[in-house]
Amino acid sequence: MNILDKIVLNKKKEVARAKARTSYIQLEESDLFHRECYSFKDFLLDPACTGIIAEFKRRSPSKGIINDKVSVKNVTNGYAAAGASALSVLTDRNFFMGKKADLVAARAANTIPILRKDFMIDEYQIIEAKSLGADIILLIAAILTPAEIETLASLAKSLGLNVLLEVHNLEELERSINPNLDAIGVNNRNLADFTVSVQTSYDLAPHIPAEFLKVSESAISNPQTIKELKLAGFNGFLIGENFMKQEDPGAAMAEFVKEL
């Protein structure tokens, strides 16, 4: 069993506990559930922004603790000030030290789109994401069937959420595309063994239909890489670890952006 299998197994138990604790009706009664989501496309394509989706992540299964000394508010405010087009907030507790409260805190402190970064396997999590203040949800092709992706994406769109589909290879891309997606994210990290290669983005770029935003995820640590990915047609660039491993992630992003 690889790390992704372990995460999904744990996530099923986690979702079952959440359902027992908080009903769908309670989620829908959240004030944040009724807010209008920001448009991922508008912010990603805004020339005043960088295209960077800046991530708040305390730890990862492969690297262990990255940075557990900083606050969500300070980091995400720093990212936004540095020109982030969107924020990504981990809400998985067991493997990433994330919390649902982190997303709520980021939402309260910022006026740009927020991606709920988690392993979405159930419709309940989509409703929950809306109730926490998310604007974008992530669907990972490696853990979902095409039918599941279609069902979850359709529900998300009905709630006004933006949908980012994450793929790792051509097979996942071709079997997972459907009209309810807004963006295709190419994860340069192999979730089975956590090795990384930006070449994955270059390989898949020509196969992503033009109607979808293109996002490159992980393994981006050099501004020159973003310049090259833009030439390959990418609009968005998810960066987390490169900033989070610094004492002040927001300041680290500001320095990075100077070189774009």
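Residues numbered from 1 in each chain as written. Predicted model: local features only at pLDDT ≥ 70, side-chain atom pairs only at ≥ 80, totals over all residues. Heavy atoms only, no water.

1. Description of the sheet that holds strand 5 (residues 114-117)
Two modes of strand pairing occur in sheets, parallel and antiparallel, and in both the strands are linked by backbone hydrogen bonds. With parallel pairing, the 8 strands of this closed barrel are ordered in space as 1-4-5-6-7-8-9-10. Geometrically, the sheet is characterised by an average inter-axis angle of 25° between neighbouring strands, direction not taken into account. As paired strands, strand 1 (residues 52-56) and strand 10 (residues 236-239) are joined by 3 bridges and run parallel to one another. Residue I53 lies in a different strand from strand 10, and its bridge partner there is L238. Those strands touched by helix 11 (residues 223-231) are strand 1, strand 9 (213-217) and strand 10, and its axis lies near 145° from that of strand 10. (Pairing = 2+ DSSP bridges. Helix = DSSP H or I, 4+ residues; strand = E, 2+ residues; numbered from the N terminus. Axes fitted to C-alpha atoms, helices over the stretch in contact; angles between N-to-C directions. Contact = heavy atoms within 4.5 Å.)

2. Quick notes on the environment of S201
Position of S201 among the secondary structure elements: in helix 10 (residues 199-204). Residue classification places S201 among the buried residues on the basis of a relative accessible area of 0%. For the pair S201 and S60, spaced 141 residues apart in the sequence, the C-alpha separation amounts to 21 Å. (Buried < 20%, exposed > 50% of the residue type's maximum accessible area, 1.4 Å probe, protein only.)

3. Points about the side chain of R35
Relative to the helices and strands, R35 resides in the loop between helix 2 (24-28) and helix 3 (40-44). Judged by its relative accessible area of 17%, R35 falls in the buried class. From its side chain, R35 meets the backbone oxygen of G133 in a polar contact 3.2 Å long. Sequence-distant contacts of R35, that is, excluding residues within four places in its chain, are made with R107, K130, G133, A134 and D135. (Polar contact = N/O pair within 3.5 Å; in protein donor to acceptor, adjacent residues only side chain to side chain.)

4. Here's the deal with the nonpolar core
In terms of nonpolar packing, the biggest core is built from 86 residues, with F40, I52, Y79, I137, L139 and M253 touching the most fellow members. For this core, the leading source of residues is helix 1 (residues 3-21), giving 6 residues. If we skip the residues at most four places from it in the chain, L139 touches M120, L144, I149, L152, A153, V163, L164, L165 and E166. (Core = buried A, V, L, I, M, F, W, Y, C linked by side-chain atoms within 4.5 Å.)

5. With respect to the pattern of salt bridges
Once the charged atoms of two side chains with opposite charge are near each other, the side chains can pair. Evaluation of the coordinates by the stated rule reveals 18 salt bridges. The partner of K11 in a salt bridge is D92, and the shortest N-O contact between them spans 2.6 Å. With a gap of 81 residues between them, K11 in helix 1 and D92 in the loop between strand 4 (86-90) and helix 5 (93-96) connect regions that are remote in the sequence. (Salt bridge = Lys/Arg side-chain N within 4 Å of Asp/Glu carboxyl O.)

6. Observations regarding the pairing of strand 1
For strand 1, a buried count of 5 out of 5 residues is recorded, marking the element as mostly surrounded by other parts of the structure. Neither face of strand 1 is left uncovered, since the one carrying I52, A54 and F56 and the one carrying I53 and E55 both have all their residues buried. Inspection of the sheet shows strand 1 paired to strand 4 by 4 bridges, in the parallel sense. Counted as the bridge partner of I53 is A86 from strand 4.

7. Here we look at the packing of aromatic side chains
Evaluated as defined, the whole model comprises 5 aromatic pairs. On the basis of an interplanar angle of 85° and a centroid distance of 5.2 Å, the ring pair of Y24 and Y124 is categorised as edge-to-face. With a gap of 100 residues between them, Y24 in helix 2 and Y124 in helix 7 (residues 123-132) connect regions that are remote in the sequence. Judged by relative accessible area, Y24 falls into the partly exposed class, the value being 36%. The rings of Y79, F243 and F256 are connected pair by pair, giving a single aromatic cluster. Above the face of the F33 ring, K130 is positioned so that its terminal group lies 5.5 Å from the ring centre. (Phe/Tyr/Trp six-rings, centres within 6.5 Å; stacked < 30°, edge-to-face > 60°. Lys NZ or Arg CZ within 6 Å of the ring centre and 35° of its normal.)

8. Re the pairing of strand 6 (residues 136-140)
Within a regular beta strand, the side chains point alternately toward one face of the sheet and then the other, so they alternate between its two faces. Within strand 6, 5 of the 5 residues are buried, which leaves the element mostly enclosed by the surrounding structure. Two strands pair when backbone bridges link them, and strand 5 and strand 6 are joined in this way by 2 bridges, in the parallel orientation. Residue R116 lies in a different strand from strand 6, and its bridge partner there is I137. Note on the crossover from strand 5 through helix 7 to strand 6: the handedness is right-handed. Of the pairings in the sheet, the one linking strand 6 to strand 7 (residues 162-167) comprises 5 bridges and is parallel in character. Looking at strand 7, one finds that L139 is bridged to L165. This β-α-β element, strand 6 to helix 8 (residues 146-158) to strand 7, shows right-handed connectivity. (Right-handed = clockwise from strand over helix to strand, strands pointing away.)

9. Quick look at the packing of helix 4 (residues 72-81) against helix 13 (residues 249-257)
It is at 7 Å that the axes of helix 4 and helix 13 come closest, and there the two elements cross at 15°. In terms of orientation, helix 4 lies roughly parallel with respect to helix 13. With respect to the hand of their crossing, helix 4 and helix 13 are arranged in right-handed fashion. In this structure, helix 4 uses V75, G78 and Y79 to contact helix 13, whose residues at the interface are P249, G250 and M253. (Parallel < 35°, antiparallel > 145°, perpendicular 65-115°, else oblique. Left-handed = near helix turned anticlockwise from the far one by under 90°.)

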